[in-house]
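Structural features, examined
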Amino acid sequence: MDADVAVIGTGTMGSMALWRLARAGVDAIGFEQFGVGHDRSAAGGESRIFRTAYKEGPEYVPTLLRAYELWRELEAESGRDLLTLTGGLMIGDLEEGGMRNVLASIERFGLSHEILDGTQMAGRYPQHTLFPGEAAVLDRLAGVLRPEFAVISATLRARRLGARVISGTPVVAVEPSSDGVTVRAGGRDYRFAQAVITAGPWTARFAPELARRVSPRKIVMTWYMADDPAAYVPAAFPIFIREHRGVGMFGIPSLDGGSVKVALSDTYGDVGDADDLDHNVAPGDLATVNEAVAACLPGLVPQPIRVSAHMDAYTTDKHALVGALPGARNTWLLGGFSGHGFKMAPAFGQIAADLVQHGETTLPIDHLDPGRFLTV
Amino acid sequence: MTRRADNGKGSTMDADVAVVGVGTMGSMTCWQLARRGASVIGFEQFAPGHDRSGAGGETRIFRTAYHEGAEYVPLLLTAQDQWRELEAETGRSVLTLNGGLMIGPPDGALVRSVLAGAAAHDLPHELLDEHEARRRYPQHRLEPGEVMVLDPQAGFLRPELAVSLAGMRAEELGAVIVRHRPVVAVEPDADGVTIRTAERRWRVGQVVLAAGAWSNRLLPRHTPPLTVQRLVMTWFVARHPSWFDVERFPIFIRETGAHDVSGWPSLDGAYVKVAVNYGYDRVDDPDRLERGVDDGLLVTIRTAVRDLLPDLVPEPVRIGAYMDGYTDDRHAVVGRPDGLPNTVVATGFSGHGFKMAPAIGRAAADLVLRGRTALPIGHLDPARPAAASPARLRTVAADLAATARTS
């Protein structure tokens, strides 16, 4: 055997899996087709949102709370700031589905929060224009993550704890059998007892039976200039999520003293093959986000000064695939995070390490079982 | 909307001056014209501050000890004043002077020309020998014998902010900026200039052509041929981010062996930008600037970062692709082209124009309003003799292809 465990892809989830495995004393090798911290996939663009009052569903909250602890642990082990709490504003109609999930998360788990009506918002967060019927829920356990720092910190830390990383080496095949897993990469075969597939947008390549259910989609981030930059620094401007006329968007305070990131929650369409992500964004494709910015954030100049393209694997129900690779007992799949996985990454790293060591985890992942897509 | 201007011959004009392209040079020209009371229309195919051409990527170098030629120093000193005036008029910070390090062997072209420029114009500077350089700036791994010249008047500009602010300030002062309207034709005649967009024609007294990478398209026979190069900026993560704070890490330019790179401090506490000082490859059509960068082309910058800045993780975490038009002699073209009435061009900045943009805007405004400028732009004259042999444009792609052939 080359090691106990192979981790296929050391991006967001893989770097965290490698860290948690190495920390548990499991001998692991990570395979990365590019370099550690590359910008060619899902992680990147300087910031990601952390939040706990979860519009996607309260079933995620235990994982989010565990992720919060683990972000702080990774900060302590690496000596780097990875998560800055700014609070998070979830803006919308409190009766609408996503907002009901936010309130249900708060109620079920006793999350620290405030509810602000339009008048209170105008007083405290005048950067936002609220429309009739809208209110905001301030999630106090929310803020900004630094994605590149996080991936690099977890990988460097894993290495220090004994993990190996083979970078610049695409994995061609992962072949589980009854007595182990063969990983074909860089012109040779590696042997492991188990494998963890954290291939992000490339997930379907390693799980062909799920190919109709998970595919890469393009994510575009856009940054805008503020008329008054002091109003958009982390201390003054919580991260936010809202919907306006059916267009979902999120925003992150200015980290560089000049630009504010506001981007669409929705994707910019299918990527096709993840090897062929098109980094170009036609000016016309930015009309939707520019109009949303103009309507909701009048203090920003509604024309982006920076645009970047990323991608993530989306499942048909926008919940991830976490569990045994269909048909295998020694290969674990963590993919299809559908644009909302980054904040939970170290908890999923923990889940990967739990599954490898114990075949199960105490964190709730039943709703993410890949098997849900295999029933006829 | 548009202030009407009379050309003195009875027919009304849409404005005194049109500025075609409200990017780096065009925004500064609009501002300089508007603050002097001219009525101005700026035409921009996108919107001021966009990231689809030369300006972008968060920082640009500012420096006065200029290795491209001592004749630029007065322009750069004017530019410094003008950057400060833009800041004063807008209440925003665009220029941070955190010092600049020119790094290389003492007999190399970079260090020698910077020292010569500093001596000729009596600019403050400090020469750090290898020992002192290592002590003060341990972020850089030096080759034996390498030195640093510290230019305290150097630092960085905020390009997107600067262009947006100049455009906004020009509008406050009465300029009109027509956004999302590509200019399809510029037709100068003895009485003025006709500007055509797809929607309508506009009539102005004079035009300033500041179309950057698109310049050749509008007046091809009257502007020098430009080779458009793709410029790629790359950002890296530091193992010790605080070493790269603005206060501790001056901007730098470095020529060490085959490495020719620049770097900027971290503005967001996370990224450090280090970029190759020449183009990656040629852009055939500026409408189709490719923003994706092939992994194979990143070998050059990865190797440079690994060799020169050991605290950085040598994998770019952010990549930005931009472009600029290069002339044969790498000097810009600023002035009135022969045979074209009522026309001023400001183009071909060859990858080193941003820092001087407000001085160029001022020179263009002088030429429009007074027919001449006191600023020393003789070396940028459109009528200067062509370079005897065009300077070879180094590109990352050509270097890598040559290496592949010889190995």
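How each quantity is defined
Residues numbered from 1 in each chain as written. Chains lettered and ligands numbered in written order. Predicted model: local features only at pLDDT ≥ 70, side-chain atom pairs only at ≥ 80, totals over all residues. Helix = DSSP H or I, 4+ residues; strand = E, 2+ residues; numbered from the N terminus. Rg over C-alpha atoms; globule rule 2.2 N^0.38 Å. Buried ≥ 20, exposed ≤ 12 C-beta atoms within 10 Å, placed from the backbone. Pairing = 2+ DSSP bridges. UniProt positions renumbered as here; feature names shortened; annotations may be inferred. Axes fitted to C-alpha atoms, helices over the stretch in contact; angles between N-to-C directions. Contact = placed C-beta atoms within 7 Å. Nonpolar A, V, L, I, M, F, W, Y, C, P; charged D, E, K, R; others polar. pLDDT = per-residue confidence, 0-100. Domains from an automatic or database assignment. Parallel < 35°, antiparallel > 145°, perpendicular 65-115°, else oblique. Left-handed = near helix turned anticlockwise from the far one by under 90°. Right-handed = clockwise from strand over helix to strand, strands pointing away. Core = buried A, V, L, I, M, F, W, Y, C linked by C-beta atoms within 7 Å.

Quick look at the overall build of chain B
- Looking only at helices and strands, chain B has nine helices and 22 strands in total.
- Whereas a compact globule of 407 residues would reach a radius of gyration of roughly 22 Å, chain B reaches 21 Å, a difference of no more than 12%.
- In terms of its C-alpha atoms, chain B occupies a principal-axis envelope of roughly 70 × 45 × 40 Å.
- Scored against the burial criterion, the 407 residues of chain B give a buried share of 55%.

A few points about the pairing of strand E19 (residues 331-335) of chain A
All names here are of chain A.
- Counting buried residues in E19 gives five out of five residues, a clear majority hidden from the surface.
- Covered by surrounding structure in E19 are Thr 331, Leu 333 and Gly 335 together with Trp 332 and Leu 334, the residues of both alternating faces.
- Where strand E12 (residues 188-197) lies against E19, three bridges are found, and the strand directions are parallel. Along E19, the bridge assignment pairs Ile 197 with Leu 333.

Some details on the UniProt feature "domain: FAD dependent oxidoreductase" (unreviewed entry) in chain A
- Feature annotation in UniProt places "domain: FAD dependent oxidoreductase" (unreviewed entry) on residues 4-355 of chain A, given in this structure's numbering.
- When the span residues 4-355 of chain A is considered, its composition is 25% helix and 30% strand, and the gap between its end C-alpha atoms is 13 Å.

Examining the sheet that holds strand E15 (residues 247-252) of chain A
All names here are of chain A.
- Sheet architecture is open: eight strands sit in the order E6-E7-E5-E14-E15-E16-E13-E17, paired in mixed fashion. Across the chains shown, the open sheet's two edge strands, defined by having one partner strand only, are strand E6 (113-116) and strand E17 (306-315). In this sheet, adjacent strand axes meet at a mean angle of 20 degrees when their direction is disregarded.
- Of the strand pairs in this sheet, strand E5 (residues 88-92) and strand E14 (residues 239-244) are connected by four bridges, and their pairing is parallel. Bridging across to E14, Ile 91 finds its partner in Arg 242.
- Across the sheet, helix H3 (residues 97-109) is in contact with E5, E6 and strand E7 (135-139); its angle to E5 comes to roughly 135 degrees.
- In the packing of helix H7 (residues 287-296) onto the sheet, contacts are made with strand E13 (214-225), E14, E15 and strand E16 (259-264), and the angle to E16 comes to roughly 120 degrees.

Description of the interface of chain B and chain A
- Listed by partner, the interface residues are 25 residues for chain B and 26 residues for chain A.
- Sorting the residues of the side of chain B that touches chain A by element identifies helix H5 (159-172) and strand E20 (312-326) of chain B as the ones contributing at least two each.
- Top contributing element to the side of chain B that touches chain A by residue count: E20 of chain B, with six residues.
- Of the residues contributing to the side of chain B that touches chain A, the split by class is 10 nonpolar, five polar and 10 charged.

What to know about the environment of Ala 42 of chain A
- By the element assignment, Ala 42 of chain A lies in the loop between strand E2 (28-31) and strand E3 (48-50).
- Along the chain, Ala 42 of chain A and Arg 217 of chain A lie 175 residues apart, while their C-alpha atoms are 9.9 Å from each other.

Description of the sheet that holds strand E10 (residues 155-157) of chain B
Residues and elements named next belong to chain B.
- Across the sheet, which stays open at both edges, the three strands sit in the order E5-E10-E6 with antiparallel pairing between neighbours. Two strands close off the open sheet at either side, each with one partner strand: strand E5 (60-62) and strand E6 (95-96).
- Sheet analysis places E6 next to E10, joined by two bridges and oriented antiparallel. Within the sheet, the bridge partner assigned to Thr 96 lies in E10 and is Phe 156.

Quick word on the confidence of the model for chain B
- Taken over all residues, the pLDDT of chain B has a mean of 93, while the share at 70 or more is 97%.
- Here the complex is predicted with pTM 0.95, and the ipTM for its interfaces comes to 0.93.

Let's talk about the domain arrangement of chain A
All names here are of chain A.
- When cut into domains, chain A gives domain 1 (3-44 + 148-213 + 317-374) and domain 2 (86-144 + 215-310).
- Here the C-alpha centroids of domain 1 and domain 2 sit 29 Å apart.
- Counting from both sides, the interface comprises eight residues of domain 1 and, opposite them, nine residues of domain 2.

A few points about the packing of helix H2 (residues 61-78) of chain A against helix H8 (residues 345-358) of chain A
All names here are of chain A.
- Where H2 meets H8, the axes come as close as 7 Å, and the angle between the chain directions of the two elements is 95 degrees. One element, H2, and the other, H8, form an angle in the roughly perpendicular class. Contacts from Thr 63, Arg 66, Ala 67, Leu 70, Trp 71 and Leu 74 in H2 reach Pro 346, Ala 347 and Gln 350 in H8.
- Grouping the amino acids of the contact of H2 with H8 by side-chain chemistry returns six nonpolar, two polar and one charged.

Things to note about the packing of H2 of chain A against helix H5 (residues 147-160) of chain A
All names here are of chain A.
- At a closest axis distance of 10 Å, the pairing of H2 and H5 adopts a crossing angle of 60 degrees. Between H2 and H5, the angle is such that the two are oblique. Here H2 and H5 pass one another in a crossing that is left-handed. Touching Leu 74, Glu 77 and Ser 78 of H2 are Ser 153, Ala 154, Leu 156 and Arg 157, all from H5.
- Considered class by class, the residues forming the contact of H2 with H5 number three nonpolar, two polar and two charged.

Quick notes on the pairing of strand E4 (residues 40-43) of chain B
Residues and elements named next belong to chain B.
- Here E4 shows no split at all, with Val 40 and Gly 42 on one side and Ile 41 and Phe 43 on the other all buried.
- With four bridges connecting them, strand E3 (residues 15-20) and E4 associate as parallel partners. Across the sheet, the residue bridging to Ala 18 is Ile 41, located in E4.
- Taken together, E3, helix H1 (residues 24-35) and E4 form a β-α-β motif whose crossover is right-handed.
- Bridging between E4 and strand E11 (residues 176-178) involves three bridges; their strand directions are parallel. Bridge assignment links Phe 43 to a residue of E11, and that residue is Val 178.

Details of the nonpolar core
- In terms of nonpolar packing, the biggest core is built from 262 residues, with Val 5, Ala 6, Ile 8 and Val 196 of chain A together with Ala 18, Val 20 and Val 40 of chain B touching the most fellow members.
- Taken domain by domain, this core gets at least three of its residues from each of domain 1 (3-44 + 148-213 + 317-374) and domain 2 (86-144 + 215-310) of chain A.
- Residues contacting Val 5 of chain A, with those up to four places away along its chain left out, are Leu 21, Val 26, Ala 28, Phe 192, Ala 193, Gln 194, Ala 195, Val 196 and Val 356 of chain A.

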